[in-house]
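Observations on the model geometry
Chain by chain, the residues run as shown.
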Amino acid sequence: MDQQAPSALYAARRAQLASQLGPGGIAIIPTALEHPRNRDSDFLFRHDSYFYYLTGFTEPQAWLVVAGDGESTLFCNPKDAEREVWDGLRLGPEAAPDALGLQAAHPVNELDQRLPKLLENRSVVWYPFATHPGLESRLNGWLGAVRARVRYGVICPESQRDLCGPLDEMRLVKDRHEQDTMRRAAQISARAHIRAMQRSAAMLRAGQDVREYHLDAELLHEFRQHGSQYPAYGSIVAAGANACILHYRADAAPIRDGELVLIDAGCELDGYASDITRTFPANGRFSGPQRTLYELVLASQEAAVAATRAGARFNDPHEATVAVLAQGLLDVGLLDTNKVGSAQDVIANRSYFPFYMHRTSHWLGMDVHDCGSYVEPTQIGQISTRKDPLSGETIQDRPSRILRPGMVLTIEPGLYVRPADGVPPAFWNIGIRIEDDAIVTDTGCELISRGVPVAVDEIEALMRA
Ligand code: GLY
Ligand code: MN
Ligand code: MN
């Protein structure tokens with residue numbers, strides 16, 4: 001169990017959720033399933049984020065039920081001396097109410113017996129739709145048991161609603177405890193990036209055979225050294241041309257003198273993700289073409305950062321990035337103005353797409369691609385349509401989310417240059433992304449991941465150290 005947050009904080013979140021369920025509402029939230037890896041070995045268990053957000057409880061095989069009147073009931077593994085010898089200590093339902101600030105707790109093997117009783121005489125059942133395999137059929141079984149008793153005057157819930165809606169909105173704005181945890185996670189990840197950069201340069205200076213996995217090892221070392229439970233996602237350590245593969249993973253490719261290395265890696269700390277990308281020269285010195293493209297990506301990131309503040313739209317940093325990249329691609333000769341026109345034409349026709357094919361931001365929180373609507377809920381009915389210039393598809397646009405203090409997003413522009421006709425060979429196989437994590441504030445944003453620098457001179461200096 002995470003000791004960082006007091007149980008009162010989770011109780012307050014449950015109370016806030018209960019107030020949105022309505023008096024006849026009841027919510028069911030299971031934690032994540034355990035997944036076998038092979039034979040007797042499971043994948044490392046990681047709790048469900050919604051469940052954890054409302055309990056701080058990290059044991060598997062647990063369920064939370066929150067009623068509209070504010071009563072919360074936990075189902076968890078019962079104490080079992082023999083099982084605890086093998087799998088570790090369990091909190092158990094006797095200790096859970098006091099430890100977690102809940103009204104009641106029961107052994108999880110009583111779920112099927114007790115759930116129909118809890119669902120009786122409620123009007124609405126809330127649960128997270130399409131997130132937990134098997135949940136819908138389990139719920140159908142419980143509702144069937146309630147319906148079997150209607151002839152005794154019991155009322156069966158008549159509607160089901162998606163709990164993701166209210167929970168996503170709550171999770172989208174991070175409270176002070178969450179922001180502090182995310183700052184600490186980002187600081188650990190920043191140190192890990194520095195460690196990997198320095199190892200790369202040191203090994204090359206010593207004439208050693210540097211592999212992507214050597215740098216991955218540095219990341220993992222630093223994450224665990226500072227108490228992170230695991231990486232928040234599969235680390236990308238991409239040498240040279242591998243950086244142009246967006247979902248490349250740390251593998252065994254050699255890291256060569258003169259090439260760039262792209263590392264996209266962040267730790268998870270006490271349930272919260274960090275997500276940082278740095279691109280650096282393997283030997284510690286940028287070549288001319290590498291520096292040209294790097295500084296273009298950095299300028300586009302600076303424009304995005306300047307566009308990130310409360311009151312701005314989620315799409316504003318992306319549009320600021322694209323404006324800088326469009327002009328820059330023309331300036332450096334990756335796009336030919338005789339073929340694609342002005343920077344405005346490049347933006348309108350998305351001619352930048354072969355070099356920049358992803359978006360600039362996503363929400364960050366418990367999940368690396370965190371939950372939360374990207375559309376402004378107060379303007380959801382304002383629909384405009386347009387034709388995508390590349391695919392010809394008709395796209396429906398709704399106004400993008402208005403940023404509020406406490407929202408957390410990444411800012412991660414990039415450029416990826418594959419060998420192709422008309423592309424200057426000096427830029428071939430260069431892939432660059434620079435990614436930072438930003439907490440939205442009233443006046444701008446706080447970049448919590450800048451413990452690892454982004455400026456060319458600063459990266460070169462730390463790699464000399
Ligand atoms: N590391 C995942 C992402 O940047 O979106
Ligand atoms: Mn990201
Ligand atoms: Mn990333």
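Anything mentioned here points back to the structure above.
Notes on the structure in this doc start here. (Residues numbered from 1 in each chain as written. Chains lettered and ligands numbered in written order. Predicted model: local features only at pLDDT ≥ 70, side-chain atom pairs only at ≥ 80, totals over all residues. Heavy atoms only, no water.)

**Details of the coordination of the manganese ion (ligand 3)**
Within the protein, D264 (OD), D264 (OD), D275 (OD) and E435 (OE) serve as the donor atoms for the manganese ion (ligand 3), at 2.0 to 2.4 Å. Coordination at the manganese ion (ligand 3) comes from 6 donor atoms whose angles at the metal span 57 to 170°, giving a geometry best classed as irregular. The sequence pattern describing where the donors of the manganese ion (ligand 3) fall on their chain is D-x10-D-x159-E. On the accessibility criterion, D275 (3% relative accessible area) is buried. (Donors = N, O, S within 2.8 Å, 3.2 Å for Na, K, Ca; no water. Tetrahedral: all angles 85-135°; square planar, octahedral: opposite > 155°, others 65-115°. Buried < 20%, exposed > 50% of the residue type's maximum accessible area, 1.4 Å probe, protein only.)

**Structural notes on the site of ligand 1**
In the vicinity of ligand 1, the contacting residues are Y233, D264, D275, H362, H369, E412 and E435. Contacts to ligand 1 include D275, whose side-chain N or O atom sits 3.1 Å from a nitrogen atom. At 3.0 Å, a side-chain N or O of H362 approaches an oxygen atom of ligand 1. Protein coverage of the free-state accessible area of ligand 1, which is 190 Å², stands at 82%. (Near = heavy atom within 4 Å. Polar contact = N/O pair within 3.5 Å; in protein donor to acceptor, adjacent residues only side chain to side chain. Areas by Shrake-Rupley, 256 points an atom, 1.4 Å probe, with all protein chains shown as cover.)

**Structural notes on helix α9 (residues 212-225)**
For the α-helix, the turn length of 3.6 residues means that residues three or four positions removed from each other point alike. Here α9 spans 20 Å end to end across 14 residues, near enough to the 20 Å set by a 1.5 Å rise per residue. When we look at burial in α9, the residues that qualify are E212, H214, L215, D216, E218, L219, E222 and F223. For α9, the elements touching its buried residues are α8 (176-205), β9 (230-231), β10 (236-239), β11 (260-265), β12 (267-269) and β14 (276-281). (Helix = DSSP H or I, 4+ residues; strand = E, 2+ residues; numbered from the N terminus. Expected span 1.5 Å × (residues − 1). Contact = heavy atoms within 4.5 Å.)

**Observations regarding the coordination of the manganese ion (ligand 2)**
Distances from the manganese ion (ligand 2) to its protein donors, namely D275 (OD), H362 (NE2), E412 (OE) and E435 (OE), fall within the range 2.0 to 2.2 Å. Between consecutive donor residues of the manganese ion (ligand 2), the sequence gaps follow D-x86-H-x49-E-x22-E. A spacing of 3.3 Å is found between the manganese ion (ligand 2) and the manganese ion (ligand 3), which share D275 as a donor. Of this pair, H362 sits in the loop between α13 (343-348) and β15 (384-387) while E412 sits in the loop between β17 (408-411) and β18 (414-417); the two residues are 50 residues apart in sequence, bridging distant segments of the chain. Overall, E412 belongs to the buried group, its relative accessible area being 9%.

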